[in-house]
Amino acid sequence: MRIEIVDVGPRDGLQNEDETLSPKTRAELCDRLAAAGVARVEAASFVNPKLVPQMAGAEEVMARIDRHPNTTYAGLALNQRGYERAVEAGADEVRYAFPVTETFAKKNQNTTVEEGAALAERLVERARLDGVRVSITLSAAFGCPFEGRVEPKVVRDLAERVGVAKPDEIVLADTIGVGVPNQVRALVKGVLGFGTAVGCHFHDTRNTGMANAAAAIEAGATVLDASVGGTGGCPFAPKATGNIATEDLVYLLHGMGHETGIDLDALIECAKWLSEQLGKELPGQVHKAGKFEPVAG
Ligand code: ZN
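Residues numbered from 1 in each chain as written. Predicted model: local features only at pLDDT ≥ 70, side-chain atom pairs only at ≥ 80, totals over all residues. Heavy atoms only, no water.

> How should I be thinking about the environment of Arg-85 in this particular structure?
Here Arg-85 lies in helix α4 (residues 80-88). Taking the C-alpha atoms as reference points, Arg-85 and Gly-75, separated by 10 residues in sequence, lie 8.9 Å from one another. Setting aside residues no more than four positions away along its own chain, Arg-85 makes contact with Phe-46, Val-47, Ala-58 and Glu-59. (Helix = DSSP H or I, 4+ residues; strand = E, 2+ residues; numbered from the N terminus. Contact = heavy atoms within 4.5 Å.)

What follows is the structure, given as structure tokens:
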């Protein structure tokens, strides 16, 4: 099966790193990912740079990217203004995210769940008029850093509501890395059938990220977010750690017989390059351990 990987490294990955990379280097990361065959890159975050200084210069990142014909470039938006900025900056896709719990919604983007969902509906309509792709991410869908347990029904109901507007995909995000595979399977199956592709976004905070990714694919998700090298976190989610590493995910998916269109060798080089740029060892494992050809089936 063909699985779409969205490398969110330039955004989710770098936004929580101590080292702030220049827009030039962030654009180069996008170029290296595209050259490795990554068909979708989340290139920049159109949030207030005062709140997330690592993401300052989003417009410059977009302008500096050497657009690869086989890659689309997305911008993250948390509000209407972010959407406008992303479209003006030339994003092919806007990924709008809103939390499914009130406390996280208030703390992360000073809104309510109701306002978040209503804006999702409006942005999907706007995106259709503007001719850009739009995906809706339900943040903290597997657990909230402030409220704890999140009932699957809450997530399903929000996905159903947003699904009526027909975004290009709905992404279930495990923002703080608390999910487990049976939960993932149930939630993905519950959201399939609302008329859009289903994606998942996992953090490896409790080492369940890869198991969750495999469970999501088995349950019918066709899109997975990951960040090269496994960088990442969330500035507003205490102790959230990195996204699952793209190179580890590609190794797993290819080994299981799925296609991603990604050249794993090139991706491994990209992870090593990023490690040098950040001046630290990154959590991803395949770029350190190397490739192997597993016997599938
Ligand atoms: Zn994330």
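> Looking at this structure, I do not really get unusual backbone geometry. What am I missing?
For residues that are not glycine, phi is negative in most cases, and the peptide bond is trans in most cases. Phi at Ala-140 is positive, roughly 60°, even though this residue is not glycine. Overall, the relative accessible area of 0% leaves Ala-140 in the buried class. Despite not being glycine, Lys-166 shows a phi value in the positive range, around 60°. Secondary-structure assignment places Lys-166 in the loop between α7 (152-164) and β6 (169-174). (Buried < 20%, exposed > 50% of the residue type's maximum accessible area, 1.4 Å probe, protein only.)

> Just to check I follow, could you spell out the side chain of Thr-196 for this structure?
Structurally, Thr-196 can be placed in the loop between α8 (181-191) and β7 (197-202). Filtering out sequence-adjacent residues up to four positions away, Thr-196 remains in contact with Lys-166, Pro-167, Asp-168, Glu-169 and Ile-170.

> What's the story with the pairing of strand β4 (residues 93-99) in this structure? I'm lost.
Regular strands have side chains that alternate between both faces of the sheet. Most of β4 is tucked away, with seven of its seven residues classed as buried. Side chains of β4 alternate between two faces, with Glu-93, Arg-95, Ala-97 and Pro-99 and Val-94, Tyr-96 and Phe-98 buried alike. Note that strand β3 (residues 72-77) and β4 share four bridges and pair parallel. Bridge pairing links Leu-76 to Arg-95 in β4. Following the chain from β3 across α4 to the adjacent parallel β4, one finds a crossover that is right-handed. Pairing of β4 with strand β5 (residues 133-139) involves seven bridges; the strand directions are parallel. (Pairing = 2+ DSSP bridges. Right-handed = clockwise from strand over helix to strand, strands pointing away.)

> Explain the packing of helix α2 (residues 23-35) against helix α11 (residues 264-278) here, please?
Each packed pair of helices is defined by two parameters, the angle between the axes and the distance between the axes. Two elements in contact, α2 and α11, have axes whose closest approach is 10 Å; the angle formed by their N-to-C orientations is 165°. Of the possible angle classes, the one that applies to α2 and α11 is roughly antiparallel. At the point where α2 passes α11, the crossing takes the left-handed sense. Facing α2, whose interface residues are Thr-25, Glu-28, Leu-29, Arg-32 and Leu-33, α11 presents Leu-267, Cys-270, Trp-273, Leu-274 and Gln-277. Considered class by class, the residues forming the contact of α2 with α11 number six nonpolar, two polar and two charged. (Axes fitted to C-alpha atoms, helices over the stretch in contact; angles between N-to-C directions. Parallel < 35°, antiparallel > 145°, perpendicular 65-115°, else oblique. Left-handed = near helix turned anticlockwise from the far one by under 90°. Nonpolar A, V, L, I, M, F, W, Y, C, P; charged D, E, K, R; others polar.)

> Is there a simple way to think about α4 in this case?
It helps to recall that an α-helix has 3.6 residues per turn; residues three or four apart then point in one direction. Restricting attention to buried positions, one finds in α4 the residues Gly-82, Tyr-83, Arg-85 and Ala-86. The arc that holds every buried residue of α4, seen down its axis, measures 165°, which confines them to one face. Along α4, the residues that are exposed and aim more than 90 degrees away from the buried face are Arg-81 and Glu-88. Check the buried side of α4 and you find it contacts α3 (58-64), β3, β4 and α6 (113-130). Where α4 starts, the residue carrying a side-chain oxygen 3.3 Å from the main-chain nitrogen of Arg-81 turns out to be Asn-79. Among the residues trailing α4, Gly-90 stands out with phi positive, at a value near 95°. (Arc of directions from axis to C-beta. Polar contact = N/O pair within 3.5 Å; in protein donor to acceptor, adjacent residues only side chain to side chain.)

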